[in-house]
Amino acid sequence: MYGAVSPGSPTPRQARGGSSSHGGARLSGATDVVHAFEVASGAWSKLECTGDQPTPRAAHAAVAVGKMMVVFGGIGPDGLASGELCVLDFTTNPNQPKWHKVEVQGDNPGPRYAHSMSLVAHRFLVVIGGNNGKQVMGDVWALDTADKPYRWTKIEPAGACPPPIMYASTCSRSDGLLLLHGGRNASNRPLSSTFGLVRHRDGRWEWAEAPGQALTPRYQNTCAFTGSRLYVTGGTLGGGRMVDESLSVAVLDTAMGAWLLPEETPEQHSRRCRHAACSVGNYVFIYGGLRGTALLDDMLVAKGTEGVNPDDIAALEVAPWRNWRKLAKRQIPLDEGSTVLLEASKQEAMAALNVNAARDAMGVQYAGAQGDHAEGFDPTLHAGVAPRTESALQRNQLHRFMAREGLSPRNLSSQNVTLYHRAVVVHRDAKSDGLMHQLSIDRFENEGKRVSFGSGEKRSPLLQQSTSQRGLHKVVIRELLRPRDWAPTMDHRFFLHEAEIAQLCDQVIERFKDETSLLKLHAPMKIFGDLHGQFGDLMRLFSEYGSPSTTGDITYIDYLFLGDYVDRGMHSLETICLLLALKVEHPNNVHLIRGNHEAVDINALFGFRDECLRRIGEESGHRSWLKINEVFNWMPLAATIEDKILCMHGGIGRSILEVQQIADLKRPLTMEEGGVVLMDLLWSDPTLNDGVEGLQPSPRGPGLVTFGPDRVRDFCQQNNIQMIVRAHECVMDGFERFAQGHLITLFSATNYCGTANNAGAILVLGRDLTLVPKLIHPLPPTQVSVPVQDVVDVEDGLVTSQDGGVQLGGMRPTNDTWMQELNEQRPPTPPRGRGPPGASPVTFA
């Protein structure tokens, strides 16, 4: 810990703040002393540093780069610190580190304070915003620590950029995603926004606004990652007001794309600003800061809910860590827990270093960095400093740790796929404000009724999107990807013409030709079930849980759709055209597989052909319908994720014994050409519950089958698969387990056909192969998403539509009951376990 305002040491200090008055750009009372806290002994020490000591300062930024601490900017008694980069090197003598001034060529960010700095992908120093004594800044600078001579580069990231900002907090995830949270804008208003900054493999930088909304604005707060969760602590609102105690701790789950409500009110200890925080393994350490006018000198320790297991930091036989875990279970105050923690032995410190080294190795691999990768700055960049070699013992410890944690390029095969014990739910009256609730999956009324609990070589890149800057697909995305304000057109005419639809189809066919019938994908992944033309539900899912755009979350998670994009709903054209456009724009991040309704003989009967004719024109609509079905014949048929999860539309039926049978299917492929394997893949269902084994006739009609839990278990064992995720059936809670949890049915459209009253769900697969269900409920009666023909209320010229959008004008198109009549003539398959007595099974699709 370097500098900051302090009357002594290690007495209270504002570890990351500046003076509340910046007149004359000077700050008295700033120090240049360095203190170190040894986790193993729990002792603070004042370090006697050698070398070229920086000037006293506060409101600076500091970040660890390997075994060095890099300091930039700040403000002190003599005004703003220079634009030099100062490095405190612990490599040769940790007890007496040495200061260096790093020689950097060219322009630099210049003097500033209250800025943010982070190390991205364990390689790039990134400086964001701050105040240069005259104005709040919004610029972004990067320095590549692996490229000498060192040079600052002012970058102009694409995407939705944050405003000029100061006193924001930043932290980088292990895979190279930087998050910027909170801060104060040029109007002195605190912010609640969160932005992600990513460097693509082709060298481009891009901003993306994180989905959801934090609970409160704040600045002079801190943030720290444990695993994929960002822990935000403390902060102020300005004017002497602190962030409320109940909101002083916030958690952004970046794997789920949602802010989580704390289950309990945080302790008063976390209510502070201008403090310091960092994570070590699965723990977040917080020191000092300001509460009101009182300087704080306490050390807080909080345990994260994911990340590195504490057993990997300290061996089980180390008593102090055992005591810490016992006390944590009693939910003790943080300061008491920290006292116990500080008694840990030196074994813990060595293991913690291994954890950090493992994270370095993981981050370099994810970032795709080139050349030799040291732990940040090269320790030999200064004369007389020799690089340290790693002992065989340390290497062995590191390799064992990486093998356990799944950090090597091929080791995800050792991890188990699990369904998270809670589901994320948007309440029926939520208004897209980003706030989520978590419910135990055991509390769902229908989901668990039929399940019995008796006796990759590489990860997905952060983002690989189309390099084209212009194209029809971009027009489609700009017109349709509007999660918060999309509304159907009043006259129901589709905005694309026949030639444009044909052009889009030709583009996406070329993408599908480059893919295999069985996709081999990697976590993290967001998985969608049946949509059936309910475009409003797709927009709601994008709005609540993140969208596939540069302002959404596609920079760090892929999207997989399991088929049945058309039929039954009123907006199949919007649904399929947007997904095809997204496939062109993000060919390696958006994945589409085929459902049973992606077949010309089926969607000729269940609404899609009629929609094309009505909304595009008789002849043009017919040709467009045939062209889109040509695309369907080229669609991949299934996908594996990390070779552990098999995703398909229907099931394994009677004929699919090996995954390779799916891979062997050649495309383009019609239903007739695909034979019984394609029929089972797209049409088969699980049996009614885990008590019905073997193969049974399907209620859908002759020639179709259902398969029991024994078939699922045998298939998974033979193919080394841990989980099957499939769609095809409406389930009341949006997701439903089968075969002791080895199979999950997923359905994303709510209130299917306007009658089922079911929830819709997606599954979010994290890097640790944990599946998290995320739900939306049917809209309540006041916002009921009924077809336009079933308008129940017209008021002030507004008409609610089937997909939850709002139509302007109140004019109802003529002959607008066609979809309702069609669904009545050809009723959909009822939700699992709710088949109406006497219903004709031949019509189910």
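Parameters and conventions
- Residues numbered from 1 in each chain as written.
- Predicted model: local features only at pLDDT ≥ 70, side-chain atom pairs only at ≥ 80, totals over all residues.
- Heavy atoms only, no water.
- Helix = DSSP H or I, 4+ residues; strand = E, 2+ residues; numbered from the N terminus.
- Buried < 20%, exposed > 50% of the residue type's maximum accessible area, 1.4 Å probe, protein only.
- Areas by Shrake-Rupley, 256 points an atom, 1.4 Å probe, with all protein chains shown as cover.
- Axes fitted to C-alpha atoms, helices over the stretch in contact; angles between N-to-C directions.
- Parallel < 35°, antiparallel > 145°, perpendicular 65-115°, else oblique.
- Contact = heavy atoms within 4.5 Å.
- Nonpolar A, V, L, I, M, F, W, Y, C, P; charged D, E, K, R; others polar.
- Pairing = 2+ DSSP bridges.
- Expected span 1.5 Å × (residues − 1).
- Bend = angle between axes of the 7 residues up to and from the residue.
- Core = buried A, V, L, I, M, F, W, Y, C linked by side-chain atoms within 4.5 Å.
- Salt bridge = Lys/Arg side-chain N within 4 Å of Asp/Glu carboxyl O.
- Phe/Tyr/Trp six-rings, centres within 6.5 Å; stacked < 30°, edge-to-face > 60°.
- Lys NZ or Arg CZ within 6 Å of the ring centre and 35° of its normal.
- Right-handed = clockwise from strand over helix to strand, strands pointing away.

## Let's talk about the overall build of the chain
Right, on to step 1. If you tally the helices and strands in the chain, you get 15 helices and 48 strands.
Right, on to step 2. When each of the 845 residues of the chain is scored for burial, the buried share is 60%.
Right, on to step 3. When the accessible surface of the chain is split by element, carbon and sulfur atoms take 49% of a total near 32500 Å².

## Considerations on the packing of helix H8 (residues 572–585) against helix H10 (residues 608–616)
Right, on to step 1. Running from amino to carboxyl end, H8 crosses H10 at an angle of 95°, the nearest separation of the two axes being 9 Å. Here H8 is positioned roughly perpendicular relative to H10, judged by the angle of their axes. Contact residues: Ser 572, Leu 573, Glu 574 and Ile 576 in H8; Phe 608, Glu 611, Cys 612, Arg 615 and Ile 616 in H10.
Right, on to step 2. A breakdown of the residues in the contact of H8 with H10 according to their chemical character gives five nonpolar, one polar and three charged.

## Some words on the pairing of strand S5 (residues 68–72)
Consecutive side chains of a regular strand alternate in pointing toward one face of the sheet and then the other.
Right, on to step 1. Of all the five residues making up S5, five are buried; the element is thus mostly covered by neighbouring parts of the structure.
Right, on to step 2. The alternating pattern of S5 places Met 68, Val 70 and Phe 72 and Met 69 and Val 71 on opposite faces, both of which are buried.
Right, on to step 3. In terms of strand pairing, strand S4 (residues 61–65) meets S5 through five bridges, oriented antiparallel. Counted as the bridge partner of Ala 64 is Met 69 from S5.

## Some thoughts on helix H13 (residues 671–683)
Right, on to step 1. The terminal C-alpha atoms of H13 lie 11 Å apart, and with 13 residues this falls more than 12% below the ideal 18 Å at 1.5 Å per residue.
Right, on to step 2. Along H13, the largest kink reaches about 80° and is centred on Val 677.
Right, on to step 3. All of the buried residues in H13 are Met 671, Gly 674, Val 677, Leu 678, Asp 680, Leu 681, Leu 682 and Trp 683.
Right, on to step 4. Buried residues along H13 sit in contact with helix H9 (600–603), helix H12 (659–663), strand S38 (685–686) and strand S40 (705–707).

## Some points on the sheet that holds strand S15 (residues 178–181)
Right, on to step 1. In space, the four strands of this open sheet follow the order S14-S15-S16-S17, with antiparallel pairing throughout. Among the strands making up the open sheet, the edge pair consists of strand S14 (169–172) and strand S17 (205–209). Strand-to-strand, the axes of this sheet are offset by a mean angle of 20°, without reference to chain direction.
Right, on to step 2. Alignment of S14 against S15, held across four bridges, turns out to be antiparallel. Note on S15: the bridge partner recorded for Thr 170 is Leu 180.

## Side note on the nonpolar core
Right, on to step 1. In terms of nonpolar packing, the biggest core is built from 67 residues, with Leu 538, Phe 561, Ile 576 and Leu 578 touching the most fellow members.
Right, on to step 2. If one sorts the elements of this core by residue count, H8 sits on top with nine residues.
Right, on to step 3. Among all residues touching Leu 538, those that are not within four sequence positions of it are Phe 528, Leu 531, Phe 561, Leu 578 and Leu 579.

## Remarks on the pattern of salt bridges
Pairing is possible between side chains of opposite charge, provided their charged atoms come close.
Right, on to step 1. A full pass over the atoms with the stated rule returns 23 salt bridges.
Right, on to step 2. Residues Lys 513 and Glu 510 are paired through a salt bridge, measuring 3.4 Å at the closest nitrogen-oxygen approach. Taken together, the residues Lys 513 and Glu 510, both in helix H6 (residues 498–513) and three residues apart, mark about one turn of the helix.
Right, on to step 3. A relative accessible area of 43% means that Lys 513 is categorised as partly exposed.

## Examining the packing of aromatic side chains
Right, on to step 1. In this structure the tally under the stated criterion is 13 aromatic pairs.
Right, on to step 2. Here the aromatic residues Phe 528, Phe 542, Tyr 559 and Phe 561 are joined through ring pairs into a cluster of three or more.
Right, on to step 3. For the cation-ring pair, Arg 609 lies above Trp 625, with the distance from its terminal atom to the ring centre recorded as 5.5 Å.

## Considering the pairing of strand S34 (residues 558–561)
Right, on to step 1. By the alternation rule, side chains of S34 split into Asp 558 and Leu 560 and Tyr 559 and Phe 561, which are all buried.
Right, on to step 2. One ladder, built from four bridges, connects strand S33 (residues 525–528) with S34; its direction is parallel. Opposite Lys 526, over in S34, you have Tyr 559 as the bridge partner.
Right, on to step 3. Pairing geometry for S34 and strand S35 (residues 590–592), over three bridges, is parallel. Residue pairing for S35: Tyr 559 is matched across the bridge by Val 590.
Right, on to step 4. Between the parallel elements S34 and S35, the chain passes through H8 in a crossover that is right-handed.

## Section: the sheet that holds S4
Right, on to step 1. Taken in spatial order, the five strands line up as S3-S9-S8-S5-S4 in an open sheet, and their pairing is mixed. Each edge of the open sheet is held by one strand with a lone partner, namely strand S3 (50–51) and S4.

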